[in-house]
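# Inside the fold
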Amino acid sequence: MLLLLVYGPLAQWFVAADRVLFDQLASRLPNKPLDSALIVSVDPARTNETDVSATYGQIIDVLVVAGVRRIVMTQPPEIPDDEDLPGWAAAMNSSVLVYIRRSALWQLNGGVMSPSLPLAVAFDSGDATTNHRMSSAEDAIFLSNYAELPRVAVDDLLNPKADKSPLRGATIFLDASPALVGAVAMLPSGQFVTQSEIVATLLAGIEQDRTIIAPSWVAAMEWLAPALLAIIAVLFMPDRSRKDIAVLAGVAIVMLLLLETLLLFVLHFRMDLGRPILIFAGVAILSAWLVEDKGKEVIDAFKKGNDFLAAGRLEPAFAEFRRCPPNENVATVMYKLSLAFEEQAKPERAEAVLEWMKRTQGTPESRTSGKQDTATGPQRLGRYVIEKRIGRGAMGAVYLAKDPRINRPVALKAIPIEKEFEDEELKEARLRFYREAESAGRHAHPNIITVFDAGEDKGLAYIAMEYVPGIPLKKFTDPKKLLAPKRALELCASTAEALDYAHNQGVIHRDIKPANLMYNPKEGSLKITDFGVARMTDNNSTKTGIVLGT
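All values reported here derive from a predicted model rather than from experimental measurement.

Cut-off values and rules
Residues numbered from 1 in each chain as written. Predicted model: local features only at pLDDT ≥ 70, side-chain atom pairs only at ≥ 80, totals over all residues. Heavy atoms only, no water. Pairing = 2+ DSSP bridges. Helix = DSSP H or I, 4+ residues; strand = E, 2+ residues; numbered from the N terminus. Contact = heavy atoms within 4.5 Å. Axes fitted to C-alpha atoms, helices over the stretch in contact; angles between N-to-C directions. Phe/Tyr/Trp six-rings, centres within 6.5 Å; stacked < 30°, edge-to-face > 60°. Buried < 20%, exposed > 50% of the residue type's maximum accessible area, 1.4 Å probe, protein only.

Looking now at the sheet that holds strand 16 (residues 471-472). Backbone hydrogen bonds hold the strands of a sheet together, and the pairing may be parallel or antiparallel. As summarised here, the arrangement of the 3 strands in space is 16-18-19, forming an open sheet in which the pairing is antiparallel. In the strand order of this sheet, the two ends are held by strand 16 and strand 19 (525-528), each with one partner. The sheet contact formed by strand 18 (residues 517-520) and strand 19 spans 4 bridges and is antiparallel. Within strand 19, the residue paired with asparagine 520 across the bridge is serine 525. Sitting on the sheet, helix 16 (residues 485-504) touches strand 18 and strand 19, and the angle it makes with strand 19 is about 40°.

In structure tokens form, the structure reads like this:
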């Protein structure tokens, strides 16, 4: 549709777009004026037609005597058919070349100017015959800007005492169009020019081999470029994100602008690329408008998956999570999903989830957050292989472990529950421990450590949690290591939002403190830990004194 508009009913508007682009570039093209050239203008407002003709004759006589190279009369005086030629016409038979133009300066054909006088002067002077750029196929010369020529006042020229030596060998443009007052056109640069100034500009381009032309192959490319770029845009832009579309369109448009600039400034070829640029921009805008918002789609899929997982609908949860691009958060919830399948006695589905994780996430290596104490605890807890101890609390220790099934690092918090409680209290503590671990496993929030599993082995109750490298915020309570106020407030806001989420889930942490807030300065992320000691708000237990934490 865009191509039909470009070459169909709206073609004139697209041609105008090409001209606007050319004008912006051509106005900055460095040009040089003709060597040894002057403009002499007779002001017709100060005399009548007879006197104008006589003044022309006086000027030509002076110029012939001064030995000028050529005289170009772009605006000769009117000579009625029933009158004899004026006396100055005899100068045309002298050694000085005199060029007289009686017809219009140019013919406008489809917006293209075809200048004849500059070409005639150049060919007659022999300057265009050696110009490799000029040929019979080039029927149009394009204007850019006007490099100003000096003007000589008529009174100064006719003054017998004036120095005429600068006129020897010069090209003189003789007209009756004073600067600005006699302007007949405006160049792409915005300059108002007279007929003599236009002829001088075009003649300078011909003689200095700087003529702006449009060879036949350029004209062909102007027709092909919009179609080619439309095809390229249609092939590569759909199904990309809006950011990719914007980058691709921006790069293409800049390259087209650079190409047109290079052709104009270096080769002096005019190639209109306004239409291709509009075509490419149009396809880019259309593609961006039609493309789906992938980011919103991923967020919705992740939220739906968490909702299905919380409701125990594992298959729909698996389907939603697979729509999300692989990352740490997706891997975390997928791990919880595999455990949920195991609890429902569906080992084959748990294996399918783990296989998906291996295929998309790889097998991450165990990571550490710096030098830690050497592991002094058990070598295994449940199915988890202990690698080292990475923390110690009042009630137990935290270990870096690995789930050997998928080679995934986890953080194991182990509590010596049998040492802390006895008999009936132990039974109650064990019940509370699993209940509260289950409540912590409800959470699916980017600022809350995810709980994968809970169990008991070797007299230790353990909670398997997401391993996140970082530094407890307690480290930044030292007056010498304080965070910037803005960053501290941002972390407070993230913590508050996560707690609000947990409260809406019916879970209260009960142990919020800097030591339980894990901060990763490199990524700027924050995670609340130790939700395993939380108490559900709907718990009706009246037992007191059982506190699984500080």
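Back to the write-up after that little detour.
We now examine unusual backbone geometry. Despite not being glycine, serine 36 shows a phi value in the positive range, around 50°. Secondary-structure assignment places serine 36 in the loop between helix 2 (11-26) and strand 1 (37-41). Residue histidine 268 is not a glycine yet carries a positive backbone phi of 55°.

Attention now moves to the packing of aromatic side chains. Under the definition given, this model contains 4 aromatic pairs. An angle of 85° between the planes, with centres 4.3 Å apart, marks the rings of tyrosine 335 and phenylalanine 452 as edge-to-face. Taken together, the positions of tyrosine 335 in helix 12 (residues 328-343) and phenylalanine 452 in strand 14 (residues 451-457) put the pair 117 residues apart, joining distant regions of the chain. Overall, the relative accessible area of 8% leaves phenylalanine 452 in the buried class. An angle of 75° between the planes, with centres 5.8 Å apart, marks the rings of phenylalanine 476 and tyrosine 519 as edge-to-face. Of this pair, phenylalanine 476 sits in the loop between strand 16 and helix 16 while tyrosine 519 sits in strand 18, placing them 43 residues apart in sequence.

With that settled, consider the pairing of strand 2 (residues 70-73). On a regular strand, one side chain projects to one face of the sheet and the next to the other, so that they alternate. By the alternation rule, side chains of strand 2 split into Arg70 and Val72 and Ile71 and Met73, which are all buried. Here strand 2 runs beside strand 7 (residues 171-175); their pairing, made up of 4 bridges, is parallel. Across the sheet, residue methionine 73 finds its bridge partner in strand 7, namely leucine 174.

Purely geometric stuff here, so don't read any function into it on its own.
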